[in-house]
Amino acid sequence: MPRFAANLSMMFTEHPFLDRFARARAAGFEAVEFLFPYEHPAAEIARRLKDNGLQQVLFNAPPGDWAKGERGQAALPGRAAEFREGVKRALDYAAALACPRLHLMAGLTPAGVPRDTLLATYAVNLAWAAEECSKAGVKPVIEPINHRDIPGFFLNTTDEGAAIIEAIGPERIGLQFDLYHCQITEGDVVKRVEKHLPLIAHMQVADNPGRHEPGTGEVNWPFVFSRIDALGFRGWIGCEYRPAGETEAGLGWFQPYK
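Numbers given to residues run from 1 along each chain, matching the order in which its sequence is written. For a predicted model such as this one, the threshold for reporting local features is a pLDDT of at least 70, and the threshold for listing and counting side-chain atom pairs is 80 or more; totals across whole chains, interfaces and linings nevertheless cover every residue. Note that water and hydrogens are dropped before the side-chain values are worked out from all heavy atoms of the structure.

What follows concerns the UniProt feature "active site" (unreviewed entry) in the chain. UniProt positions are given in the numbering used here, feature names are shortened, and annotations may be inferred rather than shown by experiment. According to UniProt, the positions carrying the feature "active site" (unreviewed entry) are Glu143 and Glu240. Taking the farthest pair of C-alpha atoms as the criterion, the annotated set spanning 98 residues converges on one region, since that pair is 12.9 Å apart. Lining the largest pocket, out of the annotated residues just given, are Glu143 and Glu240. By the criteria applied, helices consist of DSSP H or I runs no shorter than four residues and strands consist of E runs no shorter than two, each listed in order from the N terminus. Position of Glu143 among the secondary structure elements: in the loop between β5 (139–142) and α5 (158–168). Note on contacts: a residue pair is in contact if any heavy atoms of the two residues lie within 4.5 Å. Apart from residues no more than four positions distant in its own chain, Glu143 is found in contact with His103, Phe153, Leu155, Gln176, Asp178, His181, Gln204 and Glu240. When residues no more than four places from it in sequence are discounted, the contact partners of Glu240 are Asn7, Met10, Glu33, Leu35, Glu143, Asp178, Gln204, Val205, Ala206 and Arg211. Here a cavity is any set of points on a 1 Å grid over the protein atoms alone where a 1.4 Å probe fits but cannot get out, and a pocket is any open set with protein on both sides within 12 Å along at least 5 of 7 lines; a residue lines the site when it has an atom within 4 Å of a point.

This is the structure:
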């Protein structure tokens, strides 16, 4: 069966962050992901994981100034030093949390900068990060994100992400395939999973419209999940959705997969 990880940045927000680990375990999840751990000591997060028998499967490297709207630096000229320091900080957390994957956000496209310049910057930064992550036993991933949720995000389509991964080396970097973003930007979700499956290191899910739990929107999730299972995907699927109501009340979709 597909393996689902609770996203603690979006789920169980009725509770303080550090209390969400226990709520996720009580709901039947065996793994978690979240956006950023940096407001909390790594040792405290590690304790919550251990106490609740949870695996940490993904989080993001520092994105720049999130409060001011920054969404990553990997493709941004002039930000290499900051990007590298962020990756090093993230790898310290990854070691403490035994986390095998790290998402490197591309960033927002700066006005007036040629796309070729951004692509070259992206490739250099990702290649460096891939080497550092390899030394730490961590797989870096990149994620195409739709323009509706993050207007101006540099990486938008699965084909773009796949081309970058092929250039750097699939053994060095993977695709974070978010089915919600794909549905909005491209559609034809199952066919795109089939096409890019060898590159996919992690998936994420939310329904559309609304970015709520599966079963609240237009996608036939039982079919999608059964197809992913039949294709042999053995990674984790992060539940990066905003519950339509209380988190536990919306977990009916998850019952067949516990």
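From this point, the narrative continues.
We now examine the layout of surface pockets. Volume-wise, the largest pocket comes out at about 330 Å³. Residues of the lining of the largest pocket, tallied by class, amount to 10 nonpolar, six polar and seven charged. Along its surface, the second largest pocket is lined by Ser9, Phe17, Leu35, Phe36, Tyr38, Glu39, His40, Pro62, Pro63 and Trp66. For the lining of the second largest pocket, the residue count by class is seven nonpolar, two polar and one charged. Grid points are joined across faces, edges and corners, and a volume is the space filled by probe spheres set on the points. All amino acids are sorted into three groups, where Ala, Val, Leu, Ile, Met, Phe, Trp, Tyr, Cys and Pro are nonpolar, Asp, Glu, Lys and Arg are charged, and the leftover types, Gly among them, are polar.

Before going further, it helps to spend a moment on the sheet that holds strand β3 (residues 55–60). A pair of strands is labelled paired if DSSP reports no fewer than 2 bridges between them. Reading around the barrel, the eight strands line up as β1-β2-β3-β4-β5-β6-β7-β8 and close back on themselves, with parallel pairing between neighbours. The mean inter-strand angle of the sheet, taken between neighbouring strand axes irrespective of direction, is 30°. Pairing of β3 with strand β4 (residues 101–103) involves two bridges; the strand directions are parallel. Looking across to β4, one finds that Phe59 is bridged to Leu102. Contacting β3 and β4, helix α3 (residues 80–97) crosses the sheet at an angle of about 170° to β3. To obtain an axis, a line is fitted to C-alpha atoms, over the contacting stretch when the element is a helix, and the angle between two such axes runs from 0 to 180 degrees between their N-to-C directions.

This next bit is on the nonpolar core. In this structure, Phe21, Phe29, Phe59 and Tyr122 are the most contacted members of the largest nonpolar core, which totals 79 residues. Here this core takes seven residues from α3, the largest share from any one element. Other than its neighbours up to four places away in sequence, Phe29 contacts Phe4, Ala5, Ala6, Met11, Phe12, Ala24, Leu54, Cys239, Leu251 and Phe254. We call a set of buried Ala, Val, Leu, Ile, Met, Phe, Trp, Tyr and Cys residues a nonpolar core when their side-chain atoms join them within 4.5 Å. Relative accessibility under 20% of the residue-type maximum defines a buried residue, over 50% an exposed one, and the middle range a partly exposed one, all with a 1.4 Å probe and only protein chains included. In terms of nonpolar packing, the next biggest core, distinct from the first, is built from seven residues, Ala5, Ala31, Val57 and Ala201 among them.

Within helix α2 (residues 42–51), the full set of buried residues consists of Ala42, Ile45, Arg48 and Leu49. The arc enclosing the buried residues of α2, seen along the axis, measures out at 125°, which places them on a common side. Set apart from the buried face of α2 by more than 90 degrees, the exposed residues are Ala43 and Lys50. The first or second residue beyond α2 is Gly53, which carries a positive phi of 60°. Think of the arc as the fan of directions from the helix axis to the C-beta atoms.

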